[in-house]
Amino acid sequence: MRKIVSLLIVIVILLCCAPVYSDASLIIDSLVVDESGAVEVIGHATEWNENIQITCLAMTADASSSETITGDKILYIDQITVGNNGVFLIEFIVNERFSKESAVLRIGSDTGAEPASVNFNVPKLPPTIEAVANNSVKYGCDVYRLDSSNLTSENVIDSIVTGGNTIYYKLGDKWYDLLNEKATTSAYLVPDNAMSDTAVKELPVRYYYVKGVRVNLAGATEVE
């Protein structure tokens, strides 16, 4: 709570009161929100010094136009250090209570650089098994994106012990049962062999592992 209060004070100063120099600005180059609620923002400062701090605040759209920002309207708040090339990376996971919210990300610094903001939409959270990314694999009750650092033998064993000895793979927005007796080569991965939408919805689900984090999965059969 103290961190939130102190950062809010900093944000008021940086985003509202800091002097602005016409030759300095913060640029948001891209903002991507994936199906799990993971947000990745890449940007740069047109002028910078070593180790300058960027203050980041993501809030609901209605809060962005309010004079008072309360904690229940904040999706993310933190400070990061700009790289030695002026580039910065912001990454965070949106809590599922902000499902389908319209939101705003604002950034500022104490260098006099002009603050920047961008609007974005939060997907439906928690994600369902139908919403997970292609090239994901489901062991037992858990789904892993192939780029997840949590795709380890220890986690996979726990997924299978908890959810059963099953392996499914998503490709081209279709799910395939890799333990099917016909699944001997990649030739099996054609739409005619895909699971039905009804069967997919009935699969037991628990977690969805994306990059370095884990989020809940929603479904007809949720495993605790």
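In this numbering scheme, every chain counts its residues from 1 along its sequence in written order. For this predicted model, a pLDDT threshold of at least 70 governs which residues receive local features, and a threshold of 80 or more governs which side-chain atom pairs are given and counted, while totals over whole chains, interfaces and linings are taken from all residues. To get the side-chain values, take all heavy atoms of the structure and skip hydrogens and water.

Asks: How should the pattern of salt bridges be read in this particular structure?
Replies: Should the charged atoms of two oppositely charged side chains come close, the side chains can pair. By salt bridge we mean one thing: a side-chain nitrogen of Lys or Arg within 4 Å of a carboxyl oxygen of Asp or Glu. Going through the model one piece at a time under the given rule, you end up with seven salt bridges. For arginine 206, the salt bridge is made with aspartate 142, and the minimal N-O distance between the two is 2.7 Å. In this pair, arginine 206 is assigned in the loop between strand 12 (204-205) and strand 13 (207-210) and aspartate 142 in strand 9 (residues 142-145), connecting sequence segments 64 residues apart. Accessibility assignment for this pair places arginine 206 and aspartate 142 in one class, buried. Residues participating in the shared-partner salt-bridge network are Asp34, Glu35, Arg145 and Asp147. Every helix listed is a DSSP run of H or I at least four residues long, and every strand listed is a run of E at least two residues long, numbered separately from the N terminus. Type-normalised accessible area, obtained with a 1.4 Å probe on protein chains alone, sets the label of each residue: buried when under 20%, exposed when over 50%, and partly exposed for intermediate values.

Asks: Could you clarify how one ought to interpret the sheet that holds strand 5 (residues 87-93) in this entry?
Replies: Whether parallel or antiparallel, the strands of a sheet pair through hydrogen bonds between backbone atoms. Strands qualify as paired when DSSP identifies two bridges or more between them. One open sheet holds the three strands; their spatial order is 1-2-5, and the pairing between them is antiparallel. If you trace the sheet from one side to the other, it starts and ends with strand 1 (26-33) and strand 5, each paired once. Across the sheet, the mean angle from the axis of one strand to that of its neighbour is 15°, orientation sign disregarded. One ladder, built from seven bridges, connects strand 2 (residues 38-45) with strand 5; its direction is antiparallel. Following the sheet pairing, valine 39 is matched in strand 5 by phenylalanine 92. Here an angle of 0 to 180 degrees is reported between the N-to-C directions of two axes, which are lines fitted to C-alpha atoms, with helices fitted over the stretch in contact.

Asks: How should the sheet that holds strand 9 be read in this particular structure?
Replies: An order of 11-10-8-9-13-14 is seen for the six strands of this open sheet, with the pairing classed as mixed. The open sheet has two edge strands with one neighbour each: strand 11 (174-177) and strand 14 (213-216). The sheet shows a mean angle of 25° between the axes of neighbouring strands, direction not considered. Where strand 13 and strand 14 come together, four bridges link them in antiparallel fashion.

Asks: Mind showing me how you'd approach the packing of aromatic side chains here?
Replies: For any pair of aromatic rings, the description consists of the separation of the ring centres together with the inter-plane angle of the planes. Geometry of aromatic contacts follows a simple scheme: Phe, Tyr and Trp rings, the Trp one being its six-membered ring, pair when their centres are within 6.5 Å, and the pair is stacked under 30 degrees between planes, edge-to-face over 60, tilted otherwise. For the structure on display, the rule yields five aromatic pairs. With centroids separated by 4.5 Å and ring planes inclined at 5°, the aromatic side chains of tyrosine 144 and tyrosine 209 adopt a geometry described as stacked. Here tyrosine 209 lies in strand 13 and tyrosine 144 lies in strand 9, a separation of 65 residues in the sequence. What makes tyrosine 209 buried here is its relative accessible area of 5%. Considering the side-chain rings of tyrosine 176 and tyrosine 188, the 6.1 Å spacing of their centres and the 70° angle between planes classify their relative orientation as edge-to-face.

Asks: Looking at this structure, I do not really get the nonpolar core. What am I missing?
Replies: Taken as a class, soluble globular proteins show a tendency for nonpolar side chains to be buried jointly. The biggest cluster of nonpolar side chains holds 25 residues, and the ones touching the most others in it are Ile54, Leu75, Ile90, Phe92, Val94, Ile107 and Phe120. Elements that contribute at least two residues to this core include exactly strand 2, strand 3 (53-60), strand 4 (74-81), strand 5, strand 6 (102-109) and strand 7 (116-121). Residues Val143, Tyr168, Tyr208 and Val215 belong to the second largest nonpolar core, which totals 14 residues. The term nonpolar core refers to a set of buried residues drawn from Ala, Val, Leu, Ile, Met, Phe, Trp, Tyr and Cys, joined through side-chain atoms within 4.5 Å.

Asks: When you look at the environment of asparagine 119 in this model, what are you seeing that I'm missing?
Replies: Relative to the elements of secondary structure, asparagine 119 occurs in strand 7. Taking the relative accessible area as the measure of exposure, asparagine 119 reaches 61% and is therefore exposed. Linking asparagine 119 and alanine 103, residues 16 residues apart in sequence, is a C-alpha distance of 5.8 Å. Contacts were defined at the residue level, with two residues in contact if any of their heavy atoms lie within 4.5 Å. Setting aside anything within four residues of it in sequence, one finds asparagine 119 in contact with Ala103 and Val104.

Asks: Which parts of the structure should I look at to understand the environment of serine 36?
Replies: With respect to the secondary-structure elements, serine 36 resides in the loop between strand 1 and strand 2. Here serine 36 falls in the buried class, since its relative accessible area comes to 2%. Sequence spacing of serine 36 and tyrosine 209 is 173 residues, and the spatial spacing of their C-alpha atoms is 9.0 Å. With sequence-adjacent residues up to four places away left out, serine 36 is seen in contact with Leu125, Pro127, Tyr208, Val210 and Val215. For serine 36, the side chain forms a polar contact with the side chain of aspartate 34, separated by 2.6 Å. A polar atom in the side chain of serine 36 sits 3.4 Å from the backbone nitrogen of alanine 38. A 3.5 Å cut-off defines polar contacts: any pair of N or O atoms within that distance qualifies, except that in protein one atom must be a possible hydrogen donor and the other a possible acceptor, and neighbouring residues in sequence count only when both atoms are side-chain atoms.

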